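Residue-level structure breakdown
Given next are the chains, with one letter for each unit.
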Amino acid sequence: MGQDAGASQNIKAPSDRLQGWDRWSFRVNALELLCTVPNFSVEFDLSSSPYARSTLSLAVKYNWETWHTLPPRLVFNMLEFRPEYRWWFRIKPRDGKRNWLSNKAFFAGAYAQAGNFAIKPGTYGIQGPLYGIGASFGFDFPLYSYRRLALDFELGVAAGLLVCRSDGFTTSRSGTEYIVVPEKSRPMHLVPYPAFTEIKACFVFRSRSIKDKYVKQDQQKLIEKQEREDAKAAEKERKAAEKERKAAEKAAAKKAKAGEVSENE
């Protein structure tokens, strides 16, 4: 009996911490694939805690110096590296019932980007290096779950400030090469307005579906937060009561003084 008791004490309870591949996710932007831009992104949870919300990701896009017999009249080439930090959160329904928010995890992020671009939608095009910083927002929701793999989908947008150099070019009269157009070129400059840099419509592959991630909340922290809010509310009520008391005392003193003046008259 003693041995059985000792053995039972050595058995560890199953951990709810994120293990191994549970901390990783991989995504492909379907919209960019439709625009002939191969892309891939990998994301990693910064903590194995079930209460963790922070992730760091790196996205790579490559469609650069593609080979052609003759220069194409339309060009959309891109080479980009984009590290991004995200904070994940849930939005609870007000009535506590399940609705369209129930199975979605939202994120707000900050990113940096660096790379090269070449765009030629018509007669003239521009190309050059590109750098930027900005913010992103969106949400993930589950599509299919398997025994060891889950497929989720992500919708979102990213926008920010860009610094780039624009080298103008066009197709030669013979159509066999590109030529530089100096009057369409600009040196390195800050784009004078925020620009949308990505529309996210991504397939996301995880070992644990998004419906099971970023759900848990630290009850102790919630209790401490509630206690702080209750203390602030109590302090606010105390100040309001003190203000009313002083106003009442001031009014009573004023009334008493007015009574003394009338008696003297």
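The structure this text deals with has already been given above.
An account of the accompanying structure is given in this report. Since the structure is predicted, the reported quantities are computational estimates derived from the model, not experimental observations.

**Details of empty space enclosed by the protein**
One pass over the full model with this rule turns up one cavity of 30 Å³ or more. Volume-wise, the largest cavity comes out at about 140 Å³. Arg 27, Ser 41, Ala 59, Glu 198 and Lys 200 are, among the 16 residues lining the largest cavity, the residues nearest its centre. Looking at the lining of the largest cavity, the elements that each hand over two or more residues are strand E1 (24–29), strand E2 (39–45), strand E3 (54–63), strand E4 (75–89) and strand E10 (195–206). Looking at the lining of the largest cavity residue by residue, the class counts come to four nonpolar, four polar and eight charged.

**Concerning unusual backbone geometry**
For residues that are not glycine, phi is negative in most cases, and the peptide bond is trans in most cases. Look at Thr 36: it is not a glycine, yet its phi comes out positive at around 60°. For Thr 36, the position within the fold is in the loop between helix H2 (30–34) and E2. Given the relative accessible area of 51%, Thr 36 is considered exposed. At Tyr 214, a position not held by glycine, the phi torsion is positive, near 55°. Among the structural elements, Tyr 214 can be located in the loop between E10 and helix H3 (219–264).

**Re the packing of aromatic side chains**
Under the definition given, this model contains 13 aromatic pairs. Ring geometry for Phe 139 against Phe 141: centres 6.2 Å apart, planes inclined by 35°, an arrangement best described as tilted. Exposure remark for Phe 139: the relative accessible area of 18% places this residue in the buried category. On the accessibility criterion, Phe 141 (19% relative accessible area) is buried. Pairwise contacts between aromatic rings join Phe 89, Phe 106, Phe 137, Phe 139, Phe 141, Phe 153 and Phe 203 into one cluster. A cation over an aromatic ring shows up here: Lys 104 above the ring of Phe 141, its NZ or CZ 5.6 Å from the ring centre. The aromatic ring of Tyr 124 is capped on one face by Lys 184, whose charged end is 4.9 Å from the ring centroid.

**Focus on the layout of surface pockets**
In this model, the largest pocket occupies a volume close to 740 Å³. For the largest pocket, the lining is made up of 31 residues, of which Met 78, Ile 119, Leu 130, Leu 162 and Phe 196 are closest to its centre. Elements represented by at least two residues in the lining of the largest pocket include exactly H2, E4, strand E5 (105–120), strand E6 (124–145), strand E7 (150–171), strand E9 (186–190) and E10. Residue contributions to the lining of the largest pocket peak at six residues, all from E5. When its residues are assigned to classes, the lining of the largest pocket shows 19 nonpolar, seven polar and five charged.

Analysis parameters
- Residues numbered from 1 in each chain as written.
- Predicted model: local features only at pLDDT ≥ 70, side-chain atom pairs only at ≥ 80, totals over all residues.
- Heavy atoms only, no water.
- 1 Å grid on protein atoms, 1.4 Å probe; cavity = no way out; pocket = protein on both sides within 12 Å on 5 of 7 lines; lining within 4 Å.
- Points joined across faces, edges and corners; volume = space filled by probe spheres on them.
- Helix = DSSP H or I, 4+ residues; strand = E, 2+ residues; numbered from the N terminus.
- Nonpolar A, V, L, I, M, F, W, Y, C, P; charged D, E, K, R; others polar.
- Buried < 20%, exposed > 50% of the residue type's maximum accessible area, 1.4 Å probe, protein only.
- Phe/Tyr/Trp six-rings, centres within 6.5 Å; stacked < 30°, edge-to-face > 60°.
- Lys NZ or Arg CZ within 6 Å of the ring centre and 35° of its normal.

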